[in-house]
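As a plain string of letters, each chain reads:
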Protein chains: 2
Amino acid sequence: MELQLRKEPGKENLYMEVYHYYKDLIIEKKLPAGARMPSLRKCSEELKLSRTTIESAYLQLAADGYIISKAQSGYYVTDIAGHAHVLAPAEKKSEIHFRYDFASSGVDRESFRFDLWQRYIKSALRQNDRLLSYGEPQGEKDLRQAIADYVREHRNVLCSPDDIVIGAGIQSLLHILCPILKGRKTVSFPTPSFIQGSTVFEDYGFEVRYRNKDSDVIYVSPAHMTKWGEIMPVSRRLELVHHGAKNNSLIIEDDFENEFVYLQKPTPSLFGLAGGQGVVYLGTFSRLLLPSIRMSFMVLPPDLSILYQKRADRYNQTASKAEQIALCQFIRDGHLAAQTRKLKRLYSLKLKALKKAVNEVFGENSPVQTGAAGTSLALTLQTEDGWNKLNRKAQANGLRLQLLREEPGKITLILSCSSMPVDDFAPACRLLKELIS
Amino acid sequence: MELQLRKEPGKENLYMEVYHYYKDLIIEKKLPAGARMPSLRKCSEELKLSRTTIESAYLQLAADGYIISKAQSGYYVTDIAGHAHVLAPAEKKSEIHFRYDFASSGVDRESFRFDLWQRYIKSALRQNDRLLSYGEPQGEKDLRQAIADYVREHRNVLCSPDDIVIGAGIQSLLHILCPILKGRKTVSFPTPSFIQGSTVFEDYGFEVRYRNKDSDVIYVSPAHMTKWGEIMPVSRRLELVHHGAKNNSLIIEDDFENEFVYLQKPTPSLFGLAGGQGVVYLGTFSRLLLPSIRMSFMVLPPDLSILYQKRADRYNQTASKAEQIALCQFIRDGHLAAQTRKLKRLYSLKLKALKKAVNEVFGENSPVQTGAAGTSLALTLQTEDGWNKLNRKAQANGLRLQLLREEPGKITLILSCSSMPVDDFAPACRLLKELIS
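Everything numeric in this text was worked out from a predicted model, so none of it was measured. (Residues numbered from 1 in each chain as written. Chains lettered and ligands numbered in written order. Predicted model: local features only at pLDDT ≥ 70, side-chain atom pairs only at ≥ 80, totals over all residues. Heavy atoms only, no water.)

A. Just the overall build of chain A, in detail. Each helix and strand counted, chain A has 16 helices and 15 strands in total. Over its C-alpha trace chain A gives a radius of gyration of 30 Å, far above what one expects of a compact globule, namely 22 Å for 437 residues. When burial is assessed residue by residue, chain A has 57% of its 437 residues classed as buried. Taking all contacts inside chain A whose residues are at least 6 apart in sequence as the whole, residues at least 24 apart take part in 70%. Counting 59 positive and 50 negative side-chain charges, chain A places the centres of these two groups 2 Å from one another. (Helix = DSSP H or I, 4+ residues; strand = E, 2+ residues; numbered from the N terminus. Rg over C-alpha atoms; globule rule 2.2 N^0.38 Å. Buried < 20%, exposed > 50% of the residue type's maximum accessible area, 1.4 Å probe, protein only. Contact = heavy atoms within 4.5 Å. Lys, Arg positive; Asp, Glu negative; His and termini not counted. Charge placed at Lys NZ, Arg CZ, Asp CG, Glu CD.)

Quick look at the structure:
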């Protein structure tokens, strides 16, 4: 073995010379994949270099993926060429382009003032001093104050900013909440559909049940009881609050889409009805602003707030600090309230228009279910095809559908109007009708 | 009881009239806090209105916090005036202003090009279409591709973008990782100091130990073994990888501050040394960009990647989509690599300057510990005062300190240079010396 040194090396560079020598051999496949490298002792003798130098070279080769060390055996040449598949950019999974999307959980393109939000973000990004440090684990104090004011005014949730925890989405908050619910073992969800929520409880060892009021924790979304927008009547809200207090069940109130209740009033928050005891209130801004803004909050009742404070510094804040600063000013300037009013009007009109389109295409007697809130309706259709066949046909025709349930000879779909433009309702319904017949 | 209706009401407004009648009585304290409201039956008889109307009014009063329902007992007036403390903005906790901060984990003010980052964010915020929908649960595909390219080049981590999961900070990633480590019961951390990490494992029922290699999961930060920047030598890295493979211990490699290794080379990643098997690689951008940008990633080995894929859609993405889009382009344009080089040079110089200042102020023989990496050194000082007294004195003088350990007659401090300007090193050290003597 002959080592051609490229230049008169300083001591520090010696090992890099050895490194390059072997690297070239490997790349040129003169040392093939799987070949055993000479032992340190042997190599050091042959090259008349110290074992330390050889070892440094081998370690750098291993660090760079050319060789790999096997325990009690030595170094082997890796199949670095075989790694070509990870070196090349991964292929994009072919993405289906949908002409009409009835399954989208996105928001209406016209509903959001990007220019306005950009202005607030830009202003937040100019606050260099604040951005140079980690944020408060609980969330920025001024945003928590703005949220406390907002939920007091709009949801009758009376709380101090110290009881509010901000996080990047509901899951991030549940990851902080579950560990302080020690001693509680069972949790009830209204349906199996909110898998992102039930998964967190499962991961923490809770037994997850459905519609079981005898559970230690009762998770409900009073403004979104079903996918077609049924809401919890006030009498049941009161019953639930009393039940929770009597049985020491903790209620988690996920107030999702409470802003989009069109038909029924009043819809008080459980937190307010319970006087702030025994209820955790969860709110999110994704439906009001942009789904891509990951920002939610929870309001803790006094007992849990104390437990949380003891552990607060164990959790890092997950939400973007720049977005928190921007949102705080956005709320203070009244834009959140204005945006909420605008969306409520918009979705109410869109839902009516969708119902009209469905009735026109499928006939007045088409079994449509609607609730008092939300952005979707349920439509039951007679078909012998079954969901899988229908869905394949729909995808092939650029129509995205969402199944609610399948029964012999009929299927029920959830049609969401939130992101589809109104002008598409009729053609999308006609296409669906064609595929069914 | 006499109800003066304010106007001739339509049927829908009747309950609101009852509502306002009682609301005014409560606000004027004619119905004092704690008073029981007339029963629905009695009230309905007296007012000659249907029970439904009265009930609606009561429910709205309850919704707005004026009365509260108690189970099997009726409605009671709340102490809404007593809620004044939550209605008023909460007092700000008095924040101490520090002249000199040796404990900051922030970044150097001069190190970050805010203008550049603002440009990337602005460009991301113009991608309206992408921002209108929820992001990919795993993180944006193009960012995962950019990260795969980056860690392959810089850390010899060979992986496909499909093995990468993005999250808002290391904790968010551990919240996804822990549940797929079923069957593993024990985890070892190098020290108790990374409480944000150990907390997550504890919350999931793991037994947390320290420096115990016989654990099912071994969590290490090879480039940040101690707070004063000691790194794991390559020989120990190899040993650890072999130990993990032999004992089926999963290694979690938190590659924190690997970018700031100044003195020792090579420092291969464990993931690379192990050929991508049995190691989870964790990386974060908070130290390179801004702490306020919550963006981290993990690279899963093949077996865990498969388990994750099965559950991927159970977890929502936590990182801001706009920031993901911005970061992706920032990396592609080479700014991350440039920023890393710049910071490494900067912190290396700052650490030298800090050491010089410490030597000048405390004398050449002052016991200073430094490592091969990082942004801090450890300084041991003789003092009879003890930590609590010294810390109080320091705070009173605008000096923020961080304790490493306290022994009889001496304390060891961690002095971080990361966010303090170089010109402050000498005066800060002189102030510290004054407080000690």
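What follows picks up the thread again.
B. Up close: the relation of the copies chain B and chain A. Between chain B and chain A, which share one sequence, the superposing operator has a rotation angle of 180° and an axial displacement of 0.1 Å; the RMSD is 0.1 Å. The superposition of one copy onto the other is thereby described by a two-fold rotation axis. If distances are taken from each C-alpha of chain B to the rotation axis, the shortest is found for Tyr 204 of chain B, at 2.8 Å. A share of 100% of the interface residues of chain B reappears at the interface of chain A, consistent with the copies meeting face to face through the same patch. (Least-squares fit on C-alpha atoms with pLDDT ≥ 70 in both.)

C. Representation of the sheet that holds strand S12 (residues 376–382) of chain B. All names here are of chain B. The antiparallel open sheet is built from 4 strands, whose spatial order is S11-S12-S15-S14. Each edge of the open sheet carries a strand with a single partner, namely strand S11 (368–369) and strand S14 (403–407). Both S12 and strand S15 (residues 410–416) contribute to a ladder of 7 bridges, which runs antiparallel. Bridging across to S15, Ser 376 finds its partner in Ser 416. (Pairing = 2+ DSSP bridges.)

D. Looking closely at the pattern of salt bridges. Residues and elements named next belong to chain B. This model, assessed by the stated rule, comprises 37 salt bridges over all chains. We note a salt bridge from Asp 162 to Lys 141, for which the minimum N-O separation is 3.4 Å. Of this pair, Asp 162 sits in the loop between helix H7 (141–155) and strand S4 (164–167) while Lys 141 sits in helix H7, placing them 21 residues apart in sequence. Residue classification places Asp 162 among the partly exposed residues on the basis of a relative accessible area of 29%. Note on Lys 141: relative accessible area 16%, which makes it buried. In this structure, the salt-bridge partner of Glu 407 is Arg 405, at a minimum N-O distance of 3.6 Å. Looking at Arg 405, the relative accessible area reads 34%, which means it is partly exposed. Linked by salt bridges that have partners in common, Glu 136, Lys 141, Arg 144 and Asp 162 make up one network. (Salt bridge = Lys/Arg side-chain N within 4 Å of Asp/Glu carboxyl O.)

E. Spatial organisation of the pairing of S4 of chain B. Residues and elements named next belong to chain B. Going residue by residue along S4, you find Ile 164 and Ile 166 tucked away on one face and Val 165 and Gly 167 tucked away on the opposite face as well. Bridging between S4 and strand S10 (residues 296–299) involves 4 bridges; their strand directions are antiparallel. Directly across from Val 165, in S10, lies its bridge partner Met 298.

F. Spatial organisation of empty space enclosed by the protein. Summed over the entire model, instances satisfying the criterion amount to 4 cavities of 30 Å³ or more. By volume, the largest cavity is sized at about 140 Å³. (1 Å grid on protein atoms, 1.4 Å probe; cavity = no way out; pocket = protein on both sides within 12 Å on 5 of 7 lines; lining within 4 Å. Points joined across faces, edges and corners; volume = space filled by probe spheres on them.)

G. Molecular detail of the interface of chain B and chain A. Counting residues at the interface gives 83 residues for chain B and 84 residues for chain A. Summing both sides of the interface, chain B and chain A together bury roughly 7400 Å²; the carbon and sulfur share of this comes to 58%. When the buried area of chain B at its contact with chain A is split by residue, Leu 132, Tyr 134 and Arg 314 of chain B rank highest and sum to 10% of it. Between chain B and chain A we count 4 salt bridges in total. Taking the shortest distance from any N to any O, the salt bridge between Asp 203 of chain A and Arg 311 of chain B comes out at 3.0 Å. At 6 residues, helix H5 (residues 114–125) of chain B tops the list of elements feeding residues into the side of chain B that touches chain A. (Buried area = accessible area lost by both parts, 1.4 Å probe.)

H. Region of interest: the packing of helix H2 (residues 40–47) of chain B against helix H3 (residues 51–63) of chain B. Residue and element names in this part refer to chain B. For the pair H2 and H3, interaxial distance at closest approach is 9 Å and the crossing angle is 115°. Crossing angle aside, the handedness with which H2 passes H3 is right-handed. Here Leu 40, Arg 41, Cys 43, Ser 44 and Leu 47 of H2 come into contact with H3, specifically with Arg 51, Ile 54, Glu 55 and Tyr 58. Considering only residue class, the contact of H2 with H3 consists of 5 nonpolar, 1 polar and 3 charged. (Axes fitted to C-alpha atoms, helices over the stretch in contact; angles between N-to-C directions. Left-handed = near helix turned anticlockwise from the far one by under 90°. Nonpolar A, V, L, I, M, F, W, Y, C, P; charged D, E, K, R; others polar.)

I. Seen up close, the packing of aromatic side chains. All names here are of chain A. Across all of its chains, the model carries 29 aromatic pairs over all chains by this definition. When the centroid spacing of 5.5 Å and the interplanar angle of 85° are considered together, the rings of Trp 117 and Phe 330 count as edge-to-face. Pair noted here: Trp 117 is in helix H5 (residues 114–125) and Phe 330 is in helix H13 (residues 321–332), with a separation of 213 residues, a long-range link. Residue classification places Phe 330 among the buried positions, given a relative accessible area of 3%. Centroid distance Phe 189 to Phe 194: 6.4 Å. Interplanar angle 55°. Geometry classified as tilted. For Phe 189, a relative accessible area of 2% gives the class buried. Of the aromatic side chains, those joined through ring pairs into one cluster are Phe 189, Phe 194, Phe 201, Phe 206 and Tyr 219. (Phe/Tyr/Trp six-rings, centres within 6.5 Å; stacked < 30°, edge-to-face > 60°.)

J. A positive patch on the surface, seen in detail. A contiguous patch of positive charge, built from Arg 119, Lys 122 and Arg 126 of chain A together with Arg 119, Lys 122 and Arg 126 of chain B, is present on the exposed surface. Mapped by element, the contributors of at least two residues to the positive patch are H5 of chain A together with H5 of chain B. Its location among the elements puts Arg 126 of chain A in the loop between H5 and helix H6 (128–131). Arg 126 of chain A sits in the exposed class, given a relative accessible area of 55%. (Patch = residues over 30% accessible without salt bridge, like charges linked within 9 Å, V, L, I, M, F, W, Y side chains within 5 Å. Areas by Shrake-Rupley, 256 points an atom, 1.4 Å probe, with all protein chains shown as cover.)

K. Just helix H2 (residues 40–47) of chain A, in detail. Taken as a whole, H2 of chain A has its buried residues at Leu 40, Cys 43, Ser 44 and Leu 47 of chain A. Here the buried residues of H2 of chain A occupy an arc of 100° about the axis, which is enough to place them on one side. (Arc of directions from axis to C-beta.)

L. Layout of the environment of Leu 31 of chain A. All names here are of chain A. Considering the arrangement of structural elements, one finds Leu 31 in the loop between helix H1 (11–27) and H2. Assessed through its relative accessible area of 17%, Leu 31 is described here as buried. Contact partners of Leu 31, with chain neighbours within four places excluded, come to Tyr 22, Leu 25, Ile 26, Met 37 and Val 77.

M. Spotlight on the sheet that holds strand S7 (residues 217–220) of chain A. All names here are of chain A. Ordered in space as S4-S10-S9-S8-S7-S5-S6, the 7 strands form an open sheet in which the pairing is mixed. The open sheet has two edge strands with one neighbour each: strand S4 (164–167) and strand S6 (207–210). The mean angle between the axes of side-by-side strands here comes to 20°, regardless of whether they run parallel or antiparallel.

N. Representation of the pairing of strand S9 (residues 279–284) of chain A within the structure. Residues and elements named next belong to chain A. Counting buried residues along S9, 6 of its 6 residues qualify, which places the element largely inside the surrounding structure. Residues Val 279, Tyr 281 and Gly 283 point to one face of S9 and Val 280, Leu 282 and Thr 284 to the other, with burial holding for every one of them. Examined bridge by bridge, strand S8 (residues 250–254) and S9 share 4 bridges and lie parallel to one another. Looking at the pairing, Ile 251 lines up with Val 279 of S9. For S9 and strand S10 (residues 296–299), the ladder comprises 4 bridges, and the chain directions are antiparallel. From the neighbouring strand, Gly 283 faces S10, where its bridge partner is Phe 297.

O. Looking closely at unusual backbone geometry. Residues and elements named next belong to chain B. Here Lys 48, not a glycine, exhibits a phi torsion of approximately 55°, which is positive. Checked against the element boundaries, Lys 48 lands in the loop between H2 and H3. Of note, Glu 257 is a non-glycine position whose phi angle comes to about 60°, a positive value. Tracing the chain through its elements places Glu 257 in the loop between strand S8 (250–254) and helix H11 (270–273). Take Glu 257: its relative accessible area is 4%, and that puts it in the buried class.

P. View of the nonpolar core. Core analysis: the biggest nonpolar cluster contains 219 residues, and Tyr 58 and Ile 67 of chain A together with Tyr 58 and Ile 67 of chain B have the highest contact counts within it. Not counting the four nearest positions on each side in its chain, Ile 67 of chain B is found in contact with Ile 26, Met 37, Tyr 58, Leu 61, Ala 62, Tyr 75, Tyr 76, Val 77 and Thr 78 of chain B. In terms of nonpolar packing, the next biggest core, distinct from the first, is built from 56 residues, Ala 312 and Tyr 315 of chain A together with Leu 177 and Leu 181 of chain B among them. (Core = buried A, V, L, I, M, F, W, Y, C linked by side-chain atoms within 4.5 Å.)

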